[in-house]
Amino acid sequence: MIRTLKIAALIFGAVILQIAWISRISIFGSKPDLPLALVVAIALLRGPFYGEVVGFVSGMFYDLLSNGPLLGVQAFSRVLIGYGVGFIRWRLYSDNFITQLASGFIATVVHKFITLIHLSLLFTDTQFVNIRFTGLLVAAISNSILVVVVFWILKRFVKNEI
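Right, let's walk through the structure included here. All values derive from a computational prediction rather than experimental measurement. (Residues numbered from 1 in each chain as written. Predicted model: local features only at pLDDT ≥ 70, side-chain atom pairs only at ≥ 80, totals over all residues. Heavy atoms only, no water.)

A separate point is the layout of surface pockets. The calculated volume of the second largest pocket comes to roughly 170 Å³. Lining of the second largest pocket is provided by Leu-10, Gly-13, Ala-14, Leu-17, Leu-34, Leu-38, Leu-146, Val-149, Val-150, Ile-153 and Leu-154. Tallying contributions element by element places helix H6 (residues 133-157) first for the lining of the second largest pocket, with five residues. The residue inventory of the lining of the second largest pocket, partitioned by class, reads 10 nonpolar, one polar and no charged. (1 Å grid on protein atoms, 1.4 Å probe; cavity = no way out; pocket = protein on both sides within 12 Å on 5 of 7 lines; lining within 4 Å. Points joined across faces, edges and corners; volume = space filled by probe spheres on them. Helix = DSSP H or I, 4+ residues; strand = E, 2+ residues; numbered from the N terminus. Nonpolar A, V, L, I, M, F, W, Y, C, P; charged D, E, K, R; others polar.)

This next bit is on helix H5 (residues 97-122). Under the 1.5 Å per step criterion, the end-to-end length of H5 is 37 Å for 26 residues, consistent within 8% with the ideal 38 Å. Within the span of H5, buried status applies to Thr-99, Gln-100, Ser-103, Gly-104, Ala-107, Thr-108, His-111, Ile-114, Thr-115, Leu-116 and Ser-120. The inward-facing, buried residues of H5 abut helix H2 (34-46), helix H4 (73-88) and H6. Regarding H5, its N-cap is Asn-96, as a side-chain oxygen of that residue lies 3.1 Å from the backbone nitrogen of Ile-98 further along. (Expected span 1.5 Å × (residues − 1). Buried < 20%, exposed > 50% of the residue type's maximum accessible area, 1.4 Å probe, protein only. Contact = heavy atoms within 4.5 Å. Polar contact = N/O pair within 3.5 Å; in protein donor to acceptor, adjacent residues only side chain to side chain.)

Going through the model one piece at a time under the given rule, you end up with two salt bridges. In this structure, the salt-bridge partner of Arg-78 is Asp-33, at a minimum N-O distance of 3.0 Å. Pair noted here: Arg-78 is in helix H4 and Asp-33 is in the loop between helix H1 (2-20) and H2, with a separation of 45 residues, a long-range link. Per residue, the accessibility class of Arg-78 equals that of Asp-33, and both read buried. Between Asp-95 and Lys-155 there is a salt bridge, with its nearest N and O atoms 2.5 Å apart. Separated by 60 residues along the polypeptide, Asp-95 in the loop between H4 and H5 and Lys-155 in helix H6 bring together distant segments of the chain. For Lys-155, a relative accessible area of 24% gives the class partly exposed. (Salt bridge = Lys/Arg side-chain N within 4 Å of Asp/Glu carboxyl O.)

Right, let's talk about the packing of aromatic side chains for a bit. Counting across every chain of the model gives four aromatic pairs. When the centroid spacing of 5.9 Å and the interplanar angle of 25 degrees are considered together, the rings of Tyr-83 and Phe-87 count as stacked. Pair noted here: Tyr-83 and Phe-87 are both in helix H4, with a separation of four residues, about one helical turn. The interplanar angle of 85 degrees and the centroid separation of 5.4 Å between the aromatic rings of Phe-151 and Trp-152 together place this pair among those described as edge-to-face. In this structure Phe-151 comes out as buried when scored by relative accessible area, which is 0%. Between Arg-46 and the ring centre of Tyr-50, over which it is positioned, the NZ or CZ distance is 4.9 Å. Against the face of Phe-87 rests Arg-91, its NZ or CZ located 4.0 Å from the ring centre. (Phe/Tyr/Trp six-rings, centres within 6.5 Å; stacked < 30°, edge-to-face > 60°. Lys NZ or Arg CZ within 6 Å of the ring centre and 35° of its normal.)

Counting 27 residues, the largest nonpolar core has Leu-38, Val-40, Val-54, Val-150 and Leu-154 as the members making the most contacts within it. Breaking this core down by element, the ones donating at least two residues are H1, H2, helix H3 (48-66), H4 and H6. Element by element, the count of residues in this core is highest for H2, at 11 residues. (Core = buried A, V, L, I, M, F, W, Y, C linked by side-chain atoms within 4.5 Å.)

Its location among the elements puts Gly-84 in helix H4. In this structure Gly-84 comes out as partly exposed when scored by relative accessible area, which is 30%. The sequence separation of Gly-84 and Val-40 amounts to 44 residues, and the corresponding C-alpha distance is 9.2 Å.

Functional significance is not addressed by these values, which are geometric in nature.
In structure tokens form, the structure reads like this:
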């Protein structure tokens, strides 16, 4: 019960920080994604089940609080990412800095791609959105660094409790 409350507090705090403060930070037109970094970090620490649960809950919170066009797009993408990163946890050494950076980079690219495909399939009357590769690259790099920071904060302070 206490573990569930701690994870819920982490998710809610990450989504609130993202919407209230981090979404105002722009690095060359791209914004870091704290809830996505939390999903990747928890999936690396605890495995695919926790990655899926945190991905679904953080995605639903994000969709509900951000007034997005549809409910569930973020949740769907983050569930797939949480499972995928948690699945590779047992094949790679998750405490490795390179694994964390690569997981954050790939998770960001996959998240953007899944969201783009999902929205373009739902809204067929609009044209396929042009991808700004420089913006995607900057977002992937900033999220990779954010994953490393979140991973080490979680590992240092709350690993045994979550």
